[in-house]
Amino acid sequence: MNQDLVRSEAKDLEYYYVKAPDELPFFAANPEVISLLHHEPLLIISRGEKPGGGYGFELIGTEIRSDHLMIELISSDPKPGSVNILMLTYPFVYVRTYQAKTFSLIVNGELLLKERRL
């Protein structure tokens, strides 16, 4: 992890189960995401609007067991007092859902969601 970042509590997460490009939140509408949506649904996990750079996610891994998708992320914030770009950002990750019907989310080693329906 970058020395200018600290792990966040990630209590500000938003979830979007998206089946078509026209359902994408504006911040996730990029060619790579749109291309994947032509083949399968995606789960978009966002931190919402942030006041500057340095907020983010790192996807550690995913695993499907039966119809359940496990997602593990590291969420980070800028270190207090660090110099960051001042502009609105929308940190997010997208995850292929395959045939999953539910998902769980582990962020920074903590189980934040257990078996939420897609």
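Residues numbered from 1 in each chain as written. Predicted model: local features only at pLDDT ≥ 70, side-chain atom pairs only at ≥ 80, totals over all residues. Heavy atoms only, no water.

Some words on the overall build of the chain
Here is step 1: Regarding its fold elements, the chain presents one helix and eight strands.
Here is step 2: Counted from the first residue to the last, the chain has its helices and strands arranged as β-β-α-β-β-β-β-β-β.
Here is step 3: Its C-alpha atoms give the chain a radius of gyration of 15 Å, within 12% of the compact-globule value 13 Å for 118 residues.
Here is step 4: Principal-axis analysis of the C-alpha atoms places the extent of the chain at approximately 45 × 30 × 20 Å.
Here is step 5: For the chain, the residues scored as buried account for 39% of the 118 residues in total.
Here is step 6: A total of about 7,000 Å² of accessible surface is found on the chain, and carbon and sulfur atoms cover 50% of it.
Here is step 7: Averaged over its 12 positive side-chain charges, the chain has a centre that lies 5 Å from the centre of its 16 negative ones. (Helix = DSSP H or I, 4+ residues; strand = E, 2+ residues; numbered from the N terminus. Rg over C-alpha atoms; globule rule 2.2 N^0.38 Å. Buried < 20%, exposed > 50% of the residue type's maximum accessible area, 1.4 Å probe, protein only. Areas by Shrake-Rupley, 256 points an atom, 1.4 Å probe, with all protein chains shown as cover. Lys, Arg positive; Asp, Glu negative; His and termini not counted. Charge placed at Lys NZ, Arg CZ, Asp CG, Glu CD.)

Remarks on the pattern of salt bridges
Here is step 1: Applying the stated criterion across every chain yields a total of six salt bridges.
Here is step 2: Measuring nitrogen to oxygen at the nearest pair gives 2.3 Å for the salt bridge that ties Lys50 to Asp12. Pair noted here: Lys50 is in the loop between strand E3 (42-46) and strand E4 (56-65) and Asp12 is in the loop between strand E1 (5-7) and strand E2 (14-18), with a separation of 38 residues, a long-range link.
Here is step 3: Across the salt bridge formed by Glu40 and Arg96, the nearest N and O atoms sit 2.6 Å from each other. (Salt bridge = Lys/Arg side-chain N within 4 Å of Asp/Glu carboxyl O.)

Brief notes about the sheet that holds E3
Here is step 1: The antiparallel open sheet is built from three strands, whose spatial order is E2-E3-E6. Both edges of this open sheet fall to E2 and strand E6 (92-96), since each of them pairs with a single strand only. Between one strand axis and the next, the sheet turns through 20° on average, direction left out of account.
Here is step 2: Alignment of E2 against E3, held across five bridges, turns out to be antiparallel. Along E3, the bridge assignment pairs Tyr16 with Ile44. (Pairing = 2+ DSSP bridges. Axes fitted to C-alpha atoms, helices over the stretch in contact; angles between N-to-C directions.)

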